[in-house]
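# Descriptive analysis of the structure
The chain contents come next:
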Amino acid sequence: LTRAENLVGLMAVNRDLIGQAETMDRSDRTVLDMDSSESPVHGQQEGSAYNGHFESVCYHPLFLFNDHGDCLAAKLRPGNVSSADDWEELLVPEIDRQQAEGQRVAFRADAAFAWPAIYEALETRDVGYAIRIPANKNLELAIEDLLFRSPGRPSRKPLMRYKSFHYQADSWTTPRRVVAKVEHHVGELFPRVGFIVTNLTLPNRAVVRFYNKRGTAEQWIKEGKQAAHWTRLSCHRFRANEVRLQLSVLAYNLGNLWRRLVLPQRIDHWSLTSLQQRLVKTGGRLIKHARYYWLLLAEGHLTRRLFGAMLRRIWALPVPT
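My aim in this report is to walk through the structure given alongside it, one point at a time. All of these numbers come straight from a predicted model, not from anything done at the bench. (Residues numbered from 1 in each chain as written. Predicted model: local features only at pLDDT ≥ 70, side-chain atom pairs only at ≥ 80, totals over all residues. Heavy atoms only, no water.)

### Here's the deal with the nonpolar core
How we decide: Working definition of a nonpolar core: buried Ala, Val, Leu, Ile, Met, Phe, Trp, Tyr and Cys residues. They are joined through side-chain atoms within 4.5 Å. Relative accessible area decides the class of each residue, using a 1.4 Å probe on protein chains only: under 20% of the type maximum gives buried, over 50% gives exposed, and in between gives partly exposed. By the criteria applied, helices consist of DSSP H or I runs no shorter than four residues and strands consist of E runs no shorter than two, each listed in order from the N terminus. Whether two residues touch is decided by their heavy atoms; if any such pair falls within 4.5 Å, the residues are in contact.
By size, the foremost hydrophobic cluster in this structure holds 66 residues, and its most contacted members are Met 34, Phe 63, Phe 65, Leu 91, Phe 107, Leu 122 and Trp 230. It is helix α7 (residues 238-262) that provides the largest number of residues to this core, a total of 7 residues. Setting aside residues up to four positions removed in sequence, Met 34 forms contacts with Leu 62, Phe 63, Leu 64, Trp 87, Leu 90, Leu 91, Phe 107, Arg 108, Ala 109 and Phe 113. In terms of nonpolar packing, the next biggest core, distinct from the first, is built from 10 residues, Val 31, Ile 196, Phe 210 and Tyr 211 among them.

Now the structure itself:
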């Protein structure tokens, strides 16, 4: 698997798996979330380096998710690269693939991906985006009328204000829309301020609400770490750790597809760790009898009904052509 052609084939297997699941989704819109994560190492692994943000010696993998939690692509990178390095290698092919299938594409990312090259690539491909940008003095001057709390006794509920304006940084070739959110909380002297650069035409509050859903990508990364162990990269060679990461991503996607396509809707919100502990680790025994195989499972408060419901949903799934 560490041969270059086999590693590419392994990535293709993962993408083909997601492609089959996409044929069962009726939505004509896809939201892509990109984020990076820390993969600590405990030795002299090839390519590992100290990362000042995480304050550890690590790898710094990059992940791309859709809005169903499927990991569409992943790339292992040395520990000392920035969060947005190699974004084009993962993001652009996926956008082209989705648009070729007639999908409308939107993109979300945090402030680490606030690069003019990313804005321009998305705008060229007519992709809607909402990306957080770091605050600076010019941005704060544009919303100085929102930074002061209204006179009178403050409410116990946070006071939230929104403002939209056009802004052009020195590195930008054109002005872009920026949506600001200002939160005043009881007991806090200074407000909490956030800025989002976007080309969406939604109202200010809707843009912020759309961006805030990006936090689910962090939850999916956490599930991948806990359930699929995709940050346990203990091989010495960098290529071998790339293979381990891709195998872990494939295992994560199998679990995520199981959760969203097979589990009954009343429990499809379970985490992958819950699935492991309550279903995969259920005691069982496989017995061969004549022409049949019998799977005997330990009796539980939901085992029999749950597996029955899962089988019915599996039989109802359409067969990809």
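Having seen the model, we can carry on.
### What to know about the sheet that holds strand β11 (residues 192-198)
Filter applied, for reference: A pair of strands counts as paired when DSSP detects no fewer than two bridges linking them. Here an angle of 0 to 180 degrees is reported between the N-to-C directions of two axes, which are lines fitted to C-alpha atoms, with helices fitted over the stretch in contact.
Taken together, the 8 strands give an open sheet; going across it, the order is β6-β5-β1-β7-β8-β11-β10-β9, and neighbouring strands pair in mixed fashion. Here the strands that pair on one side only, and so sit at the sheet edges, are β6 (71-75) and β9 (159-167). Ignoring which end each strand starts from, the neighbouring axes of this sheet average 20° apart. Of the strand pairs in this sheet, strand β7 (residues 104-109) and strand β8 (residues 128-133) are connected by 4 bridges, and their pairing is parallel. Paired with Ala 106 across the two strands is Gly 128, which belongs to β8. Lying on the sheet, α7 is in contact with β5 (62-65) and β6; it crosses β6 at an angle near 165°.

### Observations concerning the packing of aromatic side chains
Applicable threshold: Only Phe, Tyr and Trp rings take part, Trp by its six-membered ring, and two of them pair if their centres are within 6.5 Å. Stacked means planes under 30 degrees apart, edge-to-face means over 60, and tilted covers everything else. Counted as over-ring charges are cases with an Arg CZ or a Lys NZ within 6 Å of the ring centre that also lie within 35 degrees of the ring normal.
Per the counting criterion, the structure on display carries 10 aromatic pairs. Considering the side-chain rings of Tyr 167 and Trp 172, the 5.4 Å spacing of their centres and the 80° angle between planes classify their relative orientation as edge-to-face. Each member of the pair Tyr 167 and Trp 172 is classed as buried. Clustering of aromatic rings is evident, with ring pairs tying together Phe 63, Phe 65, Trp 220, Trp 230 and Tyr 252. Looking at Arg 108, its charged tip hangs above the ring of Phe 210, at a distance of 4.8 Å from the centre. The ring of Trp 172 is capped by Arg 176, whose NZ or CZ atom sits 5.3 Å from the centre of that ring.

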